[in-house]
Amino acid sequence: MASTDSGATTPVPALPPHKLDPMANALRVLAMDAVEAANSGHPGMPMGMADVATVLFRDFLKYDAEDPLWPDRDRFILSAGHGSMLLYGLLYLTGNPRMTIDDIKQFRQLDAVTPGHPEYGHTSGVETTTGPLGQGLANAVGFALAERLLNATFGKELVDHRTYVIAGDGCLMEGISQEAISLAGHLRLNRLVVLWDDNQISIDGATDLSSSDDMLPRFAASGWDCEKIDGHNPTAIHAALARAQTATRPTLIACRTIIGLGSPTKQGSAAVHGSPLGKDEIARARTSLDWQYEPFVIPNEILSNWRRAGQRGRAAKTAWQQRLDHTKPEIKSAWHRSQSGEIPPAAAAAMTEYKRQLTTSEKPEATRIASQKTLEILAPLCPGLLGGSADLTGSNNTKVASQSPLSPAKIAAGDYNAQYIYYGIREHGMAAAMNGLALHGGIIPYGGTFLVFSDYCRPSIRLAALMGVRVIYVFTHDSIGLGEDGPTHQPVEHLAALRAIPNLLVLRPCDAVETAEAWLVALQSADRPTVLALTRQNLPLLRREFVAENLVGRGGYVLREAAGGSRDISLLASGSEVHLAAAAADALLAVGIHAAVVSMPCHELFAEQSPDYRRAVLGAAPRLAIEAAIGLGWERWTGGAQIHGEDKHFIGMTGFGASAPAAHLFQKFGITVDAVVARARELVGKGGG
């Protein structure tokens, strides 16, 4: 009997009646040896899914191990990222030149290319960062969608591959999985194959402690092809994968497995999920698996079989390269531009001219509207730009005239020639799919929802920042300025929370000119994601003098210097509060106080400027920041601090909003010109009447 972490005991399952494949056993022993050496890790999943992974990589996956970036390779995503040694073992055994046996020995050690969970950009051959369960599955929807979209653009001669996912019980328990499953089924992504590690074990013990879901009907209800197989029977695995090659819908293959298969006293229990087996159990496992080799030693015959598997796709890659070499020059040029991810110079030139035109505008408009007008210009110039919204297209203003949406009629006809996706009310699924779209290459995704619902997107935003991928989030209704929908929809803490994520740009433009500049910054930021925080309410145009430089790219700049050039105070603001700062500066001048107005659309970019530039913008006079949100983070720029619960250098929100017209709310919460004037006079020592 084996004891589970929950204290219950379960019978140890017997080994399958058929002989285990030595190639699969190589994966098993590498996993248990590496976890043992690290004294940390998850051996159970790699040992349980070794048979499935072996059949997939040996017989089906289209790849060249020596060229892991070949654009038309099949994508393999380990959604159950805790089982990372399965992936690292596959990379080493198949011959990835940047994964050696010494790297395997350094599993989970500092600076090793074998971290605890797979990390995109850190380890060659890792398609996406996984570990937070369900993320890889949802990323895979984006990968599979990108393949269909690019196939429609460039044809099957250049784009013709599949996306395979290994997902665990935890991946399917996470709520994001339902959004991903539903979206993939709706989009009929028939080149998506999910291999579910149905081992019925989680950390707490048997999955029936917390889940009674019938997974196959669940997937089938969302339009998937589903079947259940013995995950240790190579013949059954092969037959199921062969059927998936001709599927007309996404495929779920439920692979009934024994977690930790080969561990005589721990297999099939939670004890093998997330802890080393121990030296004695590893010795017993070697006997059970008939593996009479020292730790980390793979016999030549088995390693040669794996290396042949890693080379199996080389002929397909060579044929693909020949097709690319002989394709029409204009298609080849478009392909290379798509894969490079570079923004055409015409886009920057168009924004410069557009800014020149905007400076003569007299009509106030919401920055969400300004964003849409900017997109009307940019979308035709950026062929890889893919828009979308989580059921708020008309509110986020994310769709423009040149974009053809992926409609039900198109999906039914197999026509994926589209530039816009209706994601439905699936914010988390949308954000995760956009990560997959960006990671695949050839696509620059942006997607919209209300800023308050960035909470639903946050885990995927964090991973986008961690991976350093270009995903653009169009978050509208960015403050109490949205008005009557009330505090459930009014973001208060969200700007500060997003600014806390490393490697994420949070841009909050103050008018149409800054909005155009913000879009260009987002598009040109190829190695990090960007949030555009946009207003529902109309704002006046503040940038009335044409400046060719993209000032938003500076993060902060002097919008208006103090009269006479000598400052008594600097007023700092972002977005909808910049015009309040400008009006307050006028009012202060009337009482003899000289105020400079500093627009701060992006704290992160401002922090990257030189110290001299920052000092010149902020000035030596007292500073007062204004933003219709909580003040956390502004103290870095104002030098303010909480005194008796109040920061005298900040005017904004200290709690939740309320339901009322926007003008009434700004008055109620004291975010007004009069309040700014009064606080400024207090800070410069000229208070009173």
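Residues take numbers from 1 onward in each chain, read along the sequence in its written order. pLDDT decides what is reported in this predicted model: residues at 70 or higher carry local features, side-chain atom pairs at 80 or more are listed and counted, and totals for whole chains, interfaces and linings draw on all residues regardless. Excluding hydrogens and water, the side-chain figures rest on all heavy atoms present in the structure.

## Thoughts on the sheet that holds strand β16 (residues 557-560)
No. 1: Strands are labelled as partners when DSSP assigns at least two bridges between them. Here a strand is any run of E in DSSP of at least two residues, a helix any run of H or I of at least four, and the numbering for each starts at the N terminus. Strands sit in the order β16-β18-β17-β19-β22 across an open sheet of 5 strands; the sheet is mixed. Looking along the sheet, the strands with just one partner apiece sit at the ends: β16 and β22 (650-652). Sheet twist, expressed as the average angle between the axes of neighbouring strands with direction ignored, equals 30 degrees.
No. 2: In this structure, strand β17 (residues 569-573) lies alongside strand β19 (residues 623-627), joined through 4 bridges in parallel fashion. Interaxial angles span 0 to 180 degrees and are taken between N-to-C directions of axes, which are lines fitted to C-alpha atoms, for helices over the stretch in contact.

## A closer look at helix α7 (residues 175-187)
For an α-helix, 3.6 residues make a turn, and residues three or four places apart therefore share a direction.
No. 1: With 13 residues, α7 extends 19 Å between its outermost C-alpha atoms, agreeing within 8% with the 18 Å of an ideal straight helix rising 1.5 Å per residue.
No. 2: Whether a residue is buried, partly exposed or exposed follows from its accessible area with a 1.4 Å probe, protein chains only, as a fraction of its type maximum: under 20%, in between, or over 50%, in that order. Along α7, the residues classified as buried are I176, S177, A180, I181, L183, A184, G185 and L187.
No. 3: One or two residues past the end of α7 sits R188, with phi positive at roughly 55 degrees. By this rule the span expected of a helix is its residue count minus one, scaled by 1.5 Å.

## Remarks on the side chain of E627
No. 1: With respect to the helices, strands and loops of the structure, E627 is situated in strand β19.
No. 2: Here the side chain of E627 touches R499 through a polar contact of 2.9 Å, side chain to side chain.
No. 3: With residues near it in sequence (within four places) discarded, E627 still touches L495, R499, R508, S574, E577, W634, F650, I651, G652 and M653. Definition of a polar contact: a pair of N or O atoms within 3.5 Å, with one able to donate and the other able to accept a hydrogen when the atoms are protein atoms, and with sequence-neighbouring residues admitted only if both atoms are side-chain atoms. Here, residues are in contact when the closest pair of their heavy atoms is within 4.5 Å.

## Structural notes on the packing of aromatic side chains
No. 1: Aromatic contacts are taken between Phe, Tyr and Trp rings whose centres are within 6.5 Å, Trp giving its six-membered ring; a plane angle under 30 degrees counts as stacked, one over 60 as edge-to-face, and the others as tilted. All chains considered together, the criterion is met by 15 aromatic pairs.
No. 2: Seen in terms of ring centroids, F57 and F76 are 5.1 Å apart; in terms of plane orientation they differ by 80 degrees. Their pairing is edge-to-face. With F57 in helix α2 (residues 44-60) and F76 in strand β3 (residues 75-78), this pair connects stretches of sequence that are 19 residues apart.
No. 3: According to the relative accessible area criterion, F57 is buried, its value standing at 6%.
No. 4: Judged by centre distance (5.1 Å) and plane angle (75 degrees), the ring pair of F606 and W637 falls under edge-to-face. Within this pair, whereas F606 is found in helix α23 (residues 603-607), its partner W637 is found in helix α25 (residues 635-638), the two being separated by 31 residues in sequence.
No. 5: One Lys or Arg, R307, reaches over the ring of Y92 and ends 5.3 Å from the middle of that ring. Here, over-ring charges are defined by two tests on the NZ atom of lysine or the CZ atom of arginine: distance to the ring centre within 6 Å, and angle to the ring normal within 35 degrees.

## Some remarks on the environment of F143
No. 1: With respect to the element layout, F143 can be found in helix α5 (residues 135-154).
No. 2: Separated by 339 residues in the primary sequence, F143 and L482 place their C-alpha atoms 35 Å from one another.
No. 3: When sequence neighbours within four positions are dropped, the list of residues in contact with F143 reads R75, I77, E127, T128, T163, G436, L437, L439 and H440.

Keep in mind that these numbers describe shape and distance, not what the molecule does.
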